Amino acid sequence: MMEDLRCACDARGCGRTLGEDDLMLRMTTDAGERRAYECPCGAVTVTVVR
Ligand SMILES: [Zn+2]
């Protein structure tokens, strides 16, 4: 199974695809794994992977 690390930047008007290079933080919680991506535009996008 392939793990998809990509997501899109949340910032309005950006929409850049964020990949492993932008990954800033990984945190495992009871709800799943949280990943924080820092986009070059300065926005931080957090996703939860179950
Ligand atoms: Zn961005």
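Computed from a predicted structure; not experimentally measured.

**Thoughts on the overall build of the protein chain**
Helix and strand counts for the protein chain come out as zero helices and five strands. Ordered by position from the N terminus, the helices and strands of the protein chain form the series β-β-β-β-β. Its C-alpha radius of gyration of 11 Å places the protein chain within 12% of the 10 Å reference for a compact globule of 50 residues. Overall, the C-alpha framework of the protein chain stretches about 30 × 20 × 15 Å when taken along its three principal axes. Going through the 50 residues of the protein chain one by one, you find that 10% of them count as buried. Counting contacts in the protein chain only where the partners sit at least 6 residues apart, residues at least 24 apart contribute 28% of the total.

**Things to note about the confidence of the model for the protein chain**
For the protein chain, the mean per-residue pLDDT works out to 89, and 90% of the residues sit at or above 70. For the protein chain, per-element mean pLDDT is lowest for strand β1 (residues 7-8), which scores 90, and highest for strand β2 (residues 17-18), which scores 94.

Rules behind the numbers
By convention here, each chain's residues receive numbers from 1 onward along its written sequence. Where local features are concerned, this predicted model is filtered to residues with pLDDT of at least 70; where side-chain atom pairs are given and counted, the filter is 80 or more; whole-chain, interface and lining totals use all residues. Counting from the N terminus, the helices are the DSSP runs of H or I reaching at least four residues and the strands are the DSSP runs of E reaching at least two. Only C-alpha atoms enter the radius of gyration, while the globule expectation follows 2.2 Å times N to the 0.38, with N the number of residues. Every C-beta atom is placed from the backbone, and the number of other C-beta atoms within 10 Å of a residue's own sets its class: buried at 20 or more, exposed at 12 or fewer, partly exposed in between. Note on contacts: each residue gets a C-beta atom placed from the backbone, and two residues are in contact if those atoms are within 7 Å. Each residue carries a pLDDT score, the predictor's own confidence in it, on a scale running from 0 to 100.

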